[in-house]
Amino acid sequence: MVTIGVYGFDGESFLRRLRHADVRLLLDVRQRRGVRGAEYAWANSRRLQAALAQARIAYEHHPELAPTTELRRLQYAEDDRQGVGKRSRRELAAEYTRRYTAEILDWADLTPIVSALPGSGTAALFCVERDPEACHRSLIGQRLIEQYHVSIEHLRPL
């Protein structure tokens with residue numbers, strides 16, 4: 001598996017990065033499937049799904065793995081405290097990580113995701129943040145490594 005975010009890509013470079021990694025299935029783990037800013041309109045759900053279909057990449061939305069609004073607000077408060085913007089965050093707050101793990105990840109059944117992994121090619125966990133360390137997708141990836149021995153590569157903009 002790989003993980004990938006929105007920030008730092010445009011639509012073309014995003015698809016090119018997926019193709020280079022031989023991604024056949026994109027697993028969207030966002031709660032809200034829209035991204036603010038005209039430069040990221042390509043990542044809004046309908047546009048993204050259309051582009052993926054054209055590229056022959058399957059798409060699945062997994063809202064059960066998305067952080068709740070309350071958890072996102074907890075992270076935003078920590079971002080504000082540290083004086084960092086969402087798009088420049090480099091790591092998750094410890095309390096966010098603890099609560100996301102306890103409230104979401106510990107209750108999630110990841111077996112269907114592992115079972116759906118393509119026989120050839122790879123699957124991508126997809127969210128918004130540029131850096132996986134600043135995103136809950138890294139927590140999901142770590143759990144997949146620990147419980148299912150899935151290998152994970154984090155794709156970043158070049």
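Note that this is a predicted model, so its numbers are computed, not measured.

The rules we used
- Residues numbered from 1 in each chain as written.
- Predicted model: local features only at pLDDT ≥ 70, side-chain atom pairs only at ≥ 80, totals over all residues.
- Heavy atoms only, no water.
- Helix = DSSP H or I, 4+ residues; strand = E, 2+ residues; numbered from the N terminus.
- Buried < 20%, exposed > 50% of the residue type's maximum accessible area, 1.4 Å probe, protein only.
- Contact = heavy atoms within 4.5 Å.
- 1 Å grid on protein atoms, 1.4 Å probe; cavity = no way out; pocket = protein on both sides within 12 Å on 5 of 7 lines; lining within 4 Å.
- Points joined across faces, edges and corners; volume = space filled by probe spheres on them.
- Nonpolar A, V, L, I, M, F, W, Y, C, P; charged D, E, K, R; others polar.
- Axes fitted to C-alpha atoms, helices over the stretch in contact; angles between N-to-C directions.
- Parallel < 35°, antiparallel > 145°, perpendicular 65-115°, else oblique.
- Left-handed = near helix turned anticlockwise from the far one by under 90°.
- Phe/Tyr/Trp six-rings, centres within 6.5 Å; stacked < 30°, edge-to-face > 60°.

**Student:** Any chance you could explain the side chain of Arg143 here in plain terms?
**Tutor:** Inspection of the secondary structure puts Arg143 in helix H6 (residues 136-148). Owing to a relative accessible area of 13%, Arg143 belongs among the buried residues under this scheme. Sequence-distant contacts of Arg143, defined by excluding residues within four places in its chain, comprise Thr101, Leu105, Asp106, Leu110 and Tyr148.

**Student:** So what exactly am I meant to see when it comes to the environment of Val6 here?
**Tutor:** By the element assignment, Val6 lies in the loop between strand S1 (2-4) and helix H1 (11-20). A relative accessible area of 0% means that Val6 is categorised as buried. Dropping the residues within four chain positions of it, Val6 is found in contact with Val35, Tyr40, Trp42, Ala43, Phe126, Cys127, Val128 and Glu129.

**Student:** Help me understand the layout of surface pockets in this model?
**Tutor:** Rolled over the atoms, a probe with the dimensions of a water molecule shows which regions are left empty. Empty space within the largest pocket amounts to approximately 430 Å³. Around the largest pocket, the lining comprises 22 residues; the ones closest to its centre are Arg32, Arg72, Tyr76, Lys86 and Glu129. No other element matches the three residues that helix H3 (residues 69-82) contributes to the lining of the largest pocket. Counted by class, the lining of the largest pocket contains 10 nonpolar, four polar and eight charged residues.

**Student:** Sorry, what's going on with the packing of helix H4 (residues 94-103) against H6 here?
**Tutor:** One can describe the packing of H4 onto H6 by two numbers: an axis separation of 11 Å at closest approach and a directional angle of 50°. Between H4 and H6, the interaxial angle falls into the category oblique. For the pair H4 and H6, the sense of crossing is right-handed. Packed against H4, whose contacting residues are Tyr96, Thr97, Tyr100 and Thr101, the element H6 presents His136, Leu139, Ile140 and Arg143 at the interface.

**Student:** Is there a simple way to think about the packing of aromatic side chains in this case?
**Tutor:** Remark: the centre distance and the inter-plane angle together describe each pair of aromatic rings, the angle taken between the planes. According to the stated counting rule, one finds five aromatic pairs in the structure shown. Taking the centre distance of 4.9 Å and the plane angle of 40° together, the rings of Phe14 and Trp42 count as tilted. Pair noted here: Phe14 is in helix H1 and Trp42 is in the loop between strand S2 (23-28) and helix H2 (45-54), with a separation of 28 residues, a long-range link. Between the aromatic rings of Tyr96 and Tyr100, the centroid separation amounts to 6.2 Å while the plane-to-plane angle is 10°, which identifies the pairing as stacked. On the criterion of helical spacing, the pair formed by Tyr96 and Tyr100 is a turn pair, its members being four residues apart in helix H4. By relative accessible area, Tyr96 is classed as buried at 4%.

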